[in-house]
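Below, each chain spelled out in residue letters.
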Amino acid sequence: MASRSERHTPHRVAVLALDGLIPFEFGIPQRIFGRARDAAGRRLYEVVTCAVREPGRVRTDADYAIHVEHGPETLGSADTVIVPASYEMGPVYEKGVLTPELEAALAWIRPGTRMVSICTGSYVLAAAGVLDGRPATTHWADADHFQELFPHIKVDPNVLFIDDGDVLSSAGVAAGIDLCLHLVRRDHGAAVANDVARRTVVPPHRDGGQAQYIERPLPETTLASTARARAWAIEHLGEPIQLRDLADRESLSVRTFTRRFREEVGASPGQWLTGQRVDRARHLLETSSASMDDIAHQSGFGTAQSMRQHFHASVGVTPTAYRRTFRAGAAG
């Protein structure tokens, strides 16, 4: 028989199925958390779906319904509860109050459970008082209405997601993927999150602070891409890289390259390059015993002090604290 220390218990994620749910957002948690594995190939998360009422049929906004096999009591065993978007929230959306049925369901949630919303699922967390006095986001099209309905919440309509520790919220639709990948990265490190992203065929990291909506037409398909320059930069992160170097890879002027880069990536070349270097530093901090100076050099920051400043600004902790956290997790 395996000893207690050898037992493996996946983190339990409960996804609440509301009537009128949107299938895309609803499927994100299973797709992301369901693919996360440790080095031994064991599942790191168990994803379960539960209804607000007894198990059974739940309507969607598509031309089909889904059958949910678990009731609200499942919320009582969850380590993380996720509330995806719905088009049928009634008084939750209109007045900012929970229905008696939804209030009874949420009452199953244990204190200390991590709470997450995707898109307009934030209305449920707000109506339940979970977001009181906290920063939060939702789909950009609903941000003004959300702020008017819940004036005590600090709404930021210009980000992909907000991590406020035990309560997290994402913007609309695909931003839910970014938030779930962020949680995997926060729980288990960049290597696991990157593996999930590769399997899902999505970018491994879009920082939560990126704008969720840019009112700008997509670039013409006939225009040259900046993909070659980005691929080259990733291969040469440890070297000094100037904007001129990137533009030359695409045979473009610096001005034209910068404009097309923003159109394709949603960030300036400098912002994107810093993000890539931070990701490289995170990976090295998690997987190697290299010194801070060596990691700074390999990541392209030049000095440990420069890396510390950029790393703290992006991740919220110092490289030393980040390494200590993941080494403690590995030991545990």
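All values reported here derive from a predicted model rather than from experimental measurement.

Peer 1: Pulling in residues and values, what's your account of unusual backbone geometry?
Peer 2: Phi angles above zero are rare outside glycine, and C119 is one such case at about 60°. For C119, the position within the fold is in the loop between β6 (114–117) and α4 (122–127). We classify C119 as buried; its relative accessible area is 5%. The phi dihedral of V201 is positive, around 60°, even though this residue is not glycine.

Peer 1: Account for the state of the cysteines, with residues named and values stated.
Peer 2: A complete count under the given rule lists 0 disulfides for this structure. The thiol sulfur of C119 is not disulfide-bonded, and the nearest other cysteine sulfur, from C180, lies at 13 Å.

Peer 1: Lay out the packing of helix α11 (residues 269–287) against helix α13 (residues 304–315) in plain terms, naming residues and giving numbers.
Peer 2: In the contact formed by α11 and α13, the axes pass within 10 Å of each other and the chain directions differ by 95°. On the basis of the axis angle, α11 is roughly perpendicular to α13. For the pair α11 and α13, the contacting residues are T274, V278, A281, R282 and L285 in the first and M307, H310, F311, S314 and V315 in the second. In terms of residue class, the contact of α11 with α13 is built from 6 nonpolar, 3 polar and 1 charged.

Peer 1: Could you give me a rundown of the nonpolar core, with the residues and numbers involved?
Peer 2: Formed by 36 residues in total, the largest nonpolar core has its most connected members in V13, I32, F33, A36, Y45 and V184. Within the residue set of this core, elements represented by two or more residues are β1 (11–17), α1 (23–33), β2 (45–51), α6 (175–188) and α7 (190–200). Here this core gets 7 residues from one element, more than from any other, and that element is α6. With sequence-adjacent residues up to four places away left out, V184 is seen in contact with I32, F33, A36, Y45, G189, V192 and A193. Ranked by size, the runner-up nonpolar core spans 31 residues in total, among them L98, M115, L125 and A136.

Peer 1: Tell me about the confidence of the model for the protein chain, and name the residues and values.
Peer 2: Averaged over every residue, the pLDDT of the protein chain is 89; residues scoring 70 or more account for 90%. In the predicted structure, residues 1–5 sits below a pLDDT of 50 and forms 1 contact with residues beyond four places in sequence or in another chain. Note on residues 213–223: pLDDT under 50 across the span, and 8 contacts to partners over four residues away in sequence or across chains.

Peer 1: So what's going on with the environment of H139? Which residues, and what values?
Peer 2: The topology assignment puts H139 in the loop between β7 (135–136) and α5 (143–149). Distance from H139 to P157, taken between C-alpha atoms, is 7.3 Å for residues 18 residues apart in sequence. At 3.0 Å, the side chain of H139 and the backbone nitrogen of A141 are in polar contact.

Peer 1: Just give me the short version of the packing of aromatic side chains, but keep the residues and values in it.
Peer 2: This model, assessed by the stated rule, comprises 8 aromatic pairs. Seen from their ring centres, Y123 and F146 are 4.9 Å apart, and the 80° between their planes marks the pair as edge-to-face. Of the two residues, Y123 is situated in helix α4 and F146 in helix α5; the sequence distance between them amounts to 23 residues. Judged by its relative accessible area of 0%, Y123 falls in the buried class. You can call F146 buried: its relative accessible area is 0%. For the pair F311 and Y322, a centre-to-centre distance of 5.3 Å together with 75° between the ring planes defines the contact as edge-to-face. Note that F311 is positioned in helix α13 and Y322 in helix α14 (residues 319–331), a separation of 11 residues in sequence. By relative accessible area, which is 0% here, F311 ends up buried. Through a chain of ring-to-ring contacts, three or more aromatic side chains come together here, namely Y93, Y123, F146 and F150.

So, how was this worked out
- Residues numbered from 1 in each chain as written.
- Predicted model: local features only at pLDDT ≥ 70, side-chain atom pairs only at ≥ 80, totals over all residues.
- Heavy atoms only, no water.
- Helix = DSSP H or I, 4+ residues; strand = E, 2+ residues; numbered from the N terminus.
- Buried < 20%, exposed > 50% of the residue type's maximum accessible area, 1.4 Å probe, protein only.
- Disulfide = S-S within 2.5 Å.
- Axes fitted to C-alpha atoms, helices over the stretch in contact; angles between N-to-C directions.
- Parallel < 35°, antiparallel > 145°, perpendicular 65-115°, else oblique.
- Contact = heavy atoms within 4.5 Å.
- Nonpolar A, V, L, I, M, F, W, Y, C, P; charged D, E, K, R; others polar.
- Core = buried A, V, L, I, M, F, W, Y, C linked by side-chain atoms within 4.5 Å.
- pLDDT = per-residue confidence, 0-100.
- Polar contact = N/O pair within 3.5 Å; in protein donor to acceptor, adjacent residues only side chain to side chain.
- Phe/Tyr/Trp six-rings, centres within 6.5 Å; stacked < 30°, edge-to-face > 60°.

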